Amino acid sequence: MSSRPAPLIPPRLRAILVRVPLLVPIVRFLRRGPLARDRNLLITLSVLTLLLGALAARVSSDVFSPSLLVLVTLVGGLQLRLRSLVVLTGAVGVALAYIAVVLGPRSVSLGLLVTIGFTSVLAFLMARTRGKLGVQGLRGDAMLLELRDRLKRQGDLPALSKDWGQRVVLKQAGGSSFGGDFLVSTRHDDILEVALVDVSGKGVDAGTRALMLSGTFGGLLGSVESFLPACNAYLHRQPEGEGFVTAVHLRLDLSTGAYEITSAGHPPVVKFDAGTGTWQVSAAKGVVLGVVPDLHCEPDNGVLHKGDALMLYTDGLIEQPGRDIDSGLDRLLGEAERLVPSGFYDGARPLVNSMSAGHNDDCALILIWRP
């Protein structure tokens, strides 16, 4: 048996309130339309602005300082639509003019006018951006934070058994939360699939494309037989180019150690052979994604034995202005020798910091090893 929720206003009090002149039409006006919240906030801030102007002029400009109008303008920039902000700015101008008329022009200093003017410009820029996004308040920033957190969670490899070790290091250009390097991975029983993708550009400029592609590539991984050709077909169908996109795909059988590597214009994967104590460059090759309609990849197959490791990385670790890529790869392999004495897990972060020192680019490193 369902029960109706209790009314917010008791019936007796409601009967008294409806008899108050103009109260019901005012309440209906404030609650009417999809923009009621924006309109009500505009009315509140405008009344507050005019009240502050009157109190500053008639009571005390020290207690009710005209500088409080800066805060009102800032709140309007964070919450109001662009048209409503124009009205609020007009109310601020009226309040300042009233103070100047009553107390004299010197009561409104040039510094205050410059501060309010700068705040108004900033408020209009914020309102304009929110208007384009179609969100109100700080919801747009919350959406970006949520996307950033999802991208970070997606960059975590699935949990592996004690017979395997893994380490992921992502370093975005300029310390940004978004970048053009991202990782997608999935595990089904003993089959681990990992894809490391590098979108052209760096930092926030490449981050928007990376956010879109990460969702698409993450859906394709583990769902199609040929991952990189499927990604290439998707990019080739897009009406607008997504810039250069390179990727490397690793399919690893955790029960046997057998793996297959396919690459699309990506820097070569390197394998540490515990038997010889050397790093070996993978022979996997392929064209950059989205360039040709039919992508042909030359895979590289092998087996990871005890003590072996695979290292996947992006070009931010080996490309530097004025330096050949091959020399950058040689330097990476030389620096990677430090991983063996200190352990792969502890050596991954120092390796990225060492290789990325002196230039500003997105960097990513994935290490998977068999202890």
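Cut-offs applied
Residues numbered from 1 in each chain as written. Predicted model: local features only at pLDDT ≥ 70, side-chain atom pairs only at ≥ 80, totals over all residues. Heavy atoms only, no water. Salt bridge = Lys/Arg side-chain N within 4 Å of Asp/Glu carboxyl O. Buried < 20%, exposed > 50% of the residue type's maximum accessible area, 1.4 Å probe, protein only. Helix = DSSP H or I, 4+ residues; strand = E, 2+ residues; numbered from the N terminus. Pairing = 2+ DSSP bridges. Expected span 1.5 Å × (residues − 1). Arc of directions from axis to C-beta. Polar contact = N/O pair within 3.5 Å; in protein donor to acceptor, adjacent residues only side chain to side chain. Contact = heavy atoms within 4.5 Å. Axes fitted to C-alpha atoms, helices over the stretch in contact; angles between N-to-C directions. Phe/Tyr/Trp six-rings, centres within 6.5 Å; stacked < 30°, edge-to-face > 60°.

Naming follows an unreviewed UniProt entry, where the protein appears as PPM-type phosphatase domain-containing protein of Sphaerisporangium siamense.

On to the pattern of salt bridges, then. Inspection of every chain in the model, using the stated rule, returns one salt bridge. Between Asp-190 and Arg-187 there is a salt bridge, with its nearest N and O atoms 3.9 Å apart.

Attention now goes to the pairing of strand β4 (residues 245-253). Regular strands place side chains that alternate from one sheet face to the opposite one. With seven of nine residues buried, β4 lies mostly within the body of the structure. Bridging between strand β3 (residues 191-199) and β4 involves nine bridges; their strand directions are antiparallel. Following the sheet pairing, Glu-193 is matched in β4 by Arg-251. In this structure, β4 lies alongside strand β5 (residues 258-264), joined through six bridges in antiparallel fashion. Each residue of the ladder has a partner; that of Val-248, found in β5, is Ser-263. Counting the residues that bridge the hairpin from β4 to β5 gives four residues, and of these Gly-257 lies at a positive phi of roughly 85°.

Counted at 1.5 Å a residue, the expected span for helix α10 (residues 325-336) with its twelve residues is 16 Å, and the 16 Å between its end C-alpha atoms agrees. Residues of α10 that are buried: Gly-328, Leu-329, Leu-332, Leu-333 and Ala-336. When α10 is viewed along its axis, its buried side chains cluster within an angular range of 135° and face the same direction.

Let us now look at the side chain of Thr-246. Following the sequence through the fold, Thr-246 ends up in strand β4. Accessibility expressed as a relative area gives 12% for Thr-246, which makes it buried. One polar contact links Thr-246 to His-266, side chain to side chain, over a distance of 3.1 Å. Leaving out residues up to four positions away in the same chain, Thr-246 has contacts with Leu-196, Val-197, Asp-198, Ala-264, Gly-265, His-266 and Val-288.

Taking strand neighbours across the sheet as the criterion, the five strands line up as β2-β3-β4-β5-β8 in an open arrangement whose pairing is antiparallel. Two strands bound the open sheet, and with one partner strand each, they are β2 (181-188) and β8 (300-303). Across this sheet, the average inter-strand angle for adjacent strands is 15°, counted without regard to direction.

Scanning the model with the defined rule gives six aromatic pairs in all. An angle of 70° between the planes, with centres 5.9 Å apart, marks the rings of Phe-272 and Phe-344 as edge-to-face. Taken together, the residues Phe-272 in strand β6 (residues 270-273) and Phe-344 in helix α12 (residues 344-356) connect sequence positions 72 residues apart. For the pair Phe-272 and Phe-344, a shared accessibility class is recorded, and that class is buried. A ring pair is formed by Trp-279 and Phe-344, whose centres lie 6.4 Å apart and whose planes are at 90°; its orientation type is edge-to-face. Taken together, the residues span a long stretch of sequence, with Trp-279 in strand β7 (residues 278-281) and Phe-344 in helix α12 at a distance of 65 residues. Phe-344 matches Trp-279 in its accessibility class, with the two residues each being buried. Counting every residue linked through ring pairs, the aromatic cluster contains Phe-272, Trp-279, Phe-344 and Trp-369.

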